Amino acid sequence: MPAFAQNPSTPPPDAGDCKAQEAALERDMELARSRGQMLRRRELADTLSALQQRCKTPVPVVSREARIERLENEVRTLRAELERAEEQLRSAKSEPH
């Protein structure tokens with residue numbers, strides 16, 4: 001059996017443990033977002049998605065408006081991060097050797 005295959009006799013993860021891990025990942029995602037660490041936030045989001053799949057936690061139903069607002073916020077955050085990176089690049093290029 002491949003190493004990544006789950007043993008069918010393995011019980012599903014404890015629901016309380018899943019919720020605790022999910023809450024910790026969500027806190028870490030918010031912290032990463034607040035620090036402008038969008039790559040880290042996306043990695044944590046992927047981890048959260050895998051955890052939810054493994055725990056069979058239903059993904060909350062999000063309204064279209066809420067999804068649009070979340071995406072708009074993410075775009076604004078990514079643009080701000082890009083502007084900071086471009087400013088750092090300009091600064092690095094203007095420094096004498």
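See the structure printed just above.
Residues numbered from 1 in each chain as written. Predicted model: local features only at pLDDT ≥ 70, side-chain atom pairs only at ≥ 80, totals over all residues. Heavy atoms only, no water.

Here we look at the overall build of the protein
On a plain count of helices and strands, the protein comes out with 3 helices and 0 strands. For the protein, the succession of helices and strands along the chain, N to C, is α-α-α. Across the protein, contacts joining residues at least 24 apart in sequence account for 62% of those joining residues at least 6 apart. When the accessible surface of the protein is split by element, carbon and sulfur atoms take 55% of a total near 8,100 Å². (Helix = DSSP H or I, 4+ residues; strand = E, 2+ residues; numbered from the N terminus. Contact = heavy atoms within 4.5 Å. Areas by Shrake-Rupley, 256 points an atom, 1.4 Å probe, with all protein chains shown as cover.)

Remarks on the packing of helix α1 (residues 15-34) against helix α2 (residues 38-55)
Where α1 meets α2, the axes come as close as 8 Å, and the angle between the chain directions of the two elements is 165°. What the angle tells us is that α1 and α2 run roughly antiparallel. Between α1 and α2 lies a crossing whose hand is left-handed. Taking contact as the criterion, the partners of C18, Q21, E22, L25, E26, D28, M29, A32 and R33 in α1 are, on α2, M38, R40, R41, L44, A45, T47, L48, L51, Q52, R54 and C55. Within the contact of α1 with α2, the residues separate by chemical class into 10 nonpolar, 3 polar and 7 charged. (Axes fitted to C-alpha atoms, helices over the stretch in contact; angles between N-to-C directions. Parallel < 35°, antiparallel > 145°, perpendicular 65-115°, else oblique. Left-handed = near helix turned anticlockwise from the far one by under 90°. Nonpolar A, V, L, I, M, F, W, Y, C, P; charged D, E, K, R; others polar.)

A closer look at the state of the cysteines
For the structure shown, the criterion picks out 1 disulfide. The disulfide partner of C18 is C55, and the S-S distance across this bridge is 1.9 Å. Torsion about the S-S bond of the C18 and C55 cystine: about -80°, corresponding to left-handed handedness. Of this pair, C18 sits in helix α1 while C55 sits in helix α2, placing them 37 residues apart in sequence. (Disulfide = S-S within 2.5 Å.)

Observations regarding α1
Compared with the 28 Å implied by 1.5 Å per residue over 20 residues, the 28 Å span of α1 between its first and last C-alpha is a close match. Of the surrounding elements, those touching the buried residues of α1 are α2. Two residues or fewer after α1 comes G36, characterised by a positive phi angle close to 75°. (Expected span 1.5 Å × (residues − 1).)

A few points about the pattern of salt bridges
Taken as a whole and judged by the stated rule, the model has 4 salt bridges. E30 is the partner of R33 in a salt bridge, and the nearest nitrogen-oxygen pair spans 2.5 Å. Linking R33 with E30, this pair stays in helix α1, spanning 3 residues, or about one helical turn. The class for R33 is partly exposed, based on a relative accessible area of 34%. Here E74 ties to R41 by a salt bridge, and the two come within 2.9 Å at their closest N and O atoms. Within this pair, whereas E74 is found in helix α3 (residues 64-94), its partner R41 is found in helix α2, the two being separated by 33 residues in sequence. On the basis of relative accessible area, R41 is assigned to the buried category, the value being 13%. (Salt bridge = Lys/Arg side-chain N within 4 Å of Asp/Glu carboxyl O. Buried < 20%, exposed > 50% of the residue type's maximum accessible area, 1.4 Å probe, protein only.)

Scope: geometric values only; no functional claims are made or implied.
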